[in-house]
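So the chains spell out like this:
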Amino acid sequence: LADSTAQLCDDTKRFDVKRNLAMALYSGLVLGISMEIMFNTFFPRMFGLEDSFARAVKCTLFDGFINAPFLWLPPAYVVKAMIFRNSKREAIKKYITDVRENGLLKKYWLLWLPAMMVNFLFVPAHFRVAYTASVSFFWMILLSTVANNPGK
């Protein structure tokens, strides 16, 4: 749904089913499953279970500066490459270009650092993945637009 919205907003002449499939697979399979494991298994082991400001900061910083550049974002480019039968090397090259030249991580941090602080401070643990999925709808529109920009 987010990619469909992105395609309506950009200069896409026709609806790109492959692009939509790539973003849906990435969002549902990669992010949904990975975040469930990260938030409900790894984070409690790494940062404990207490609800505190210090823990929220640790989780937010780890998510933004470790998970995002190495776990959350690159698979979007690799999944798209697999759907379009492009090389993984080209996918990673496009990811690096988007980070360096198109401000991908800055855009990510602008949305997700505050959203994750809210998540880890105020959202009950059993709703954290659902909250992230809700915010992710808007992020996926932006990511789809940046990742599918043929300009660079």
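All of the points below concern the structure found in this document. Keep in mind it's a predicted model, so treat the numbers as computed, not measured. (Residues numbered from 1 in each chain as written. Predicted model: local features only at pLDDT ≥ 70, side-chain atom pairs only at ≥ 80, totals over all residues. Heavy atoms only, no water.)

Contact geometry for helix H4 (residues 74-84) and helix H5 (residues 88-101): axes closest at 8 Å, N-to-C directions at 140°. Regarding the angle of H4 to H5, the classification is oblique. Of the two possible hands of crossing, H4 and H5 adopt the one that is right-handed. Residues Pro74, Tyr77, Val78, Ala81 and Met82 of H4 pack against Lys88, Ala91, Ile92, Lys94, Tyr95 and Asp98 of H5. (Axes fitted to C-alpha atoms, helices over the stretch in contact; angles between N-to-C directions. Helix = DSSP H or I, 4+ residues; strand = E, 2+ residues; numbered from the N terminus. Parallel < 35°, antiparallel > 145°, perpendicular 65-115°, else oblique. Left-handed = near helix turned anticlockwise from the far one by under 90°. Contact = heavy atoms within 4.5 Å.)

A few words on the packing of helix H3 (residues 53-72) against H4. The relative placement of two packed helices comes down to the angle between their axes together with the axis-to-axis distance. H4 packs onto H3 with a crossing angle of 10° between their chain directions and a minimal axis gap of 5 Å. Put simply, H3 runs roughly parallel to H4. Where H3 approaches H4, its residues Ala68, Pro69, Phe70, Leu71 and Trp72 are matched on the opposing element by Pro74, Pro75 and Ala76. Considered class by class, the residues forming the contact of H3 with H4 number eight nonpolar, no polar and no charged. (Nonpolar A, V, L, I, M, F, W, Y, C, P; charged D, E, K, R; others polar.)

What the rule picks out here adds up to two salt bridges. One salt bridge connects aspartate 51 with arginine 128, and the closest N-O pair in it is separated by 3.5 Å. One end of the pair, aspartate 51, is in the loop between helix H2 (17-47) and H3; the other, arginine 128, is in helix H7 (residues 128-147), with 77 residues separating them in the sequence. Under the relative-accessibility criterion, arginine 128 is labelled buried at 6%. Across the pair aspartate 98 and lysine 94 runs a salt bridge, and its minimum N-O distance is 3.0 Å. One end of the pair is aspartate 98 and the other is lysine 94, both in helix H5 and four residues apart, which spans about a single turn. (Salt bridge = Lys/Arg side-chain N within 4 Å of Asp/Glu carboxyl O. Buried < 20%, exposed > 50% of the residue type's maximum accessible area, 1.4 Å probe, protein only.)

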